[in-house]
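Structural overview for review
Here is what each chain is made of, one letter per residue.
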Amino acid sequence: MSVSRFIAAAILATALILPHADAGEVAFSERRSGSTFMAPETQAMQSNDTANPGMLGVLDGATLWGKTIGAAEKSCASCHNDASTSMSGVAARYPAFDDTLKRPVDLEQRVNLCRVDHQRAPPLAYESRELLALTALIGRQSRGLPIAGGTDPRLTPFVDKGRATFMRRQGQLNLACTNCHDDNWYKRLAGSAITQAHPTGYPLYRLEWQGLGSLQRRLRNCMVGMRAQPYDADAPEMVELELYLMSRARGMPIETPAVRP
Amino acid sequence: MAALINVPATAKRGDVIEIKTLMSHIMETGFRHTVTGAAIPRDIITDFSCRYNGVEVFRAELFPAFSANPFITFFTVATESGVFEFRWSGDNGFYEAVTANIVVT
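Quick summary incoming for the structure in this document. Worth saying up front: this structure is predicted, and the values here are computed from it rather than measured. (Residues numbered from 1 in each chain as written. Chains lettered and ligands numbered in written order. Predicted model: local features only at pLDDT ≥ 70, side-chain atom pairs only at ≥ 80, totals over all residues. Heavy atoms only, no water.)

1. Brief notes about the environment of His25 of chain B
Residue and element names in this part refer to chain B. Positionally, His25 belongs in the loop between strand E3 (16-23) and strand E4 (45-52). Under the relative-accessibility criterion, His25 is labelled buried at 6%. Along the primary structure His25 and Asn69 are separated by 44 residues, whereas in three dimensions their C-alpha atoms are 4.8 Å apart. Each residue touching His25, except ones within four places of it in the same chain, is listed here: Asp43, Ile44, Ile45, Ala68, Asn69, Pro70 and Phe94. (Helix = DSSP H or I, 4+ residues; strand = E, 2+ residues; numbered from the N terminus. Buried < 20%, exposed > 50% of the residue type's maximum accessible area, 1.4 Å probe, protein only. Contact = heavy atoms within 4.5 Å.)

So, in structure tokens, the structure goes:
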């Protein structure tokens, strides 16, 4: 995150101390994807599959899907066949409850569980090219389908914890996610639209990153901007936040791989 | 390395057609440093070309200011059915070639 953005966040923090701040959660009917705030050129880049750089990740993912690896000598395709049928709608309902671990796992963790348990291969590093490619491929199979996050009743306590994290002020700027994304989503911060923080397009190609990134990377960006200590990749708080965001965006269409400025 | 190519599958003779190409590449500028101060060596695509039935119709030199995954679009005139061949080459022996067919009526 750039220096100018830190300064901008500090200015916004001062503005938020004023009493008018608590506008409450975004109304269901007023929800808008981050893509609706983008310039027409960026929207066109997202919607055209031959101009969307995120599609390069999807192509890489399709290659990895068929690659035999690990002591089990299996590829993803050995068990899941054609991703376009077996993975349709899957990303729309992640993070999902894992019966063995008795807690929600996000799509990245789910892919790594298959790597370790079923392929007997080492897990892929977070934000590695391979993990982003596989999750982009899986996410792409849900494009246009409504988000169905957090509908499993076993997830309710975890959604609630994620919501609490979203509402809690944290970091040196003493800001909560809600202060920006519920109360001030229609404003701009250092030239960037704040937006309502709907996780509709992940993993997505961010022009600022010059590459694909996961939802967790985006959340860490915001946490650093708040001058809070970002959670570790595997921290339960991170998955709970992802889960809350997905439940908050329930019914909105998946855009993966989206493009963001 | 993945590439995305958009060439119209069919065209009428004499049509001006738009060709779009997107090539997967990090395009590391050579101007950046790691957190410990070590220079990150330049790693970019330096040359792109397009041949239409063996005849070069477009060529571009690329420099460090290009974004990652360069997106290059250009126009040409559809003259006959055949093959477009795209070539990218660059630092560290980078080389990729992709073809796309067109039917001209």
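2. Re the sheet that holds strand E7 (residues 259-260) of chain A
Within a beta sheet, neighbouring strands are joined by backbone hydrogen bonds and run either parallel or antiparallel to one another. Residues and elements named next belong to chain A. Here we have three strands laid out as an open sheet, ordered E6-E5-E7, and mixed in their pairing. Two strands lie at the open edges of the sheet, namely strand E6 (211-213) and E7, each paired on one side alone. Where strand E5 (residues 204-206) and E7 come together, two bridges link them in parallel fashion. Its bridge partner being in E7, Arg206 is matched across the sheet by Arg260. (Pairing = 2+ DSSP bridges.)

3. Some remarks on unusual backbone geometry
Keep in mind that most residues, glycine aside, have a negative phi and that most peptide bonds are trans. Backbone torsion omega between Tyr202 of chain A and Pro203 of chain A reads -10°, so that peptide bond is classified as cis. Position of Pro203 of chain A among the secondary structure elements: in the loop between strand E4 (192-193) and E5. The omega angle of the peptide bond from Thr256 of chain A to Pro257 of chain A is -10°, so this bond is cis rather than trans. Tracing the backbone through its elements, the reader meets Pro257 of chain A in the loop between helix H11 (236-248) and E7. Of note, the phi angle at Arg120 of chain A is positive, near 50°, even though the residue is not glycine. Counting through the fold element by element, Arg120 of chain A comes out in the loop between helix H6 (107-118) and helix H7 (129-140). In this structure, Asn92 of chain B takes a positive phi of about 55° despite not being glycine. Tracing the backbone through its elements, the reader meets Asn92 of chain B in the loop between strand E7 (82-90) and strand E8 (94-104). Assessed through its relative accessible area of 67%, Asn92 of chain B is described here as exposed.

4. Here's the deal with the side chain of Thr135 of chain A
Mapped onto the elements of the fold, Thr135 of chain A is located in helix H7. Polar side-chain contacts of Thr135 of chain A include one of 2.8 Å to the backbone oxygen of Leu131 of chain A. (Polar contact = N/O pair within 3.5 Å; in protein donor to acceptor, adjacent residues only side chain to side chain.)

5. Digging into the pattern of salt bridges
One pass over the full model with this rule turns up 18 salt bridges over all chains. With a shortest N-O distance of 4.0 Å, Lys161 of chain A and Glu240 of chain A are connected by a salt bridge. Residue Lys161 of chain A is found in helix H8 (residues 156-167), and its partner Glu240 of chain A is found in helix H11; the two are separated by 79 residues along the sequence. Accessibility expressed as a relative area gives 7% for Glu240 of chain A, which makes it buried. A salt bridge links Arg51 of chain B to Glu56 of chain B; the shortest N-O distance between them is 3.9 Å. The structure contains a network of salt bridges with shared partners spanning Asp47, Arg51, Glu56 and Arg59 of chain B. (Salt bridge = Lys/Arg side-chain N within 4 Å of Asp/Glu carboxyl O.)

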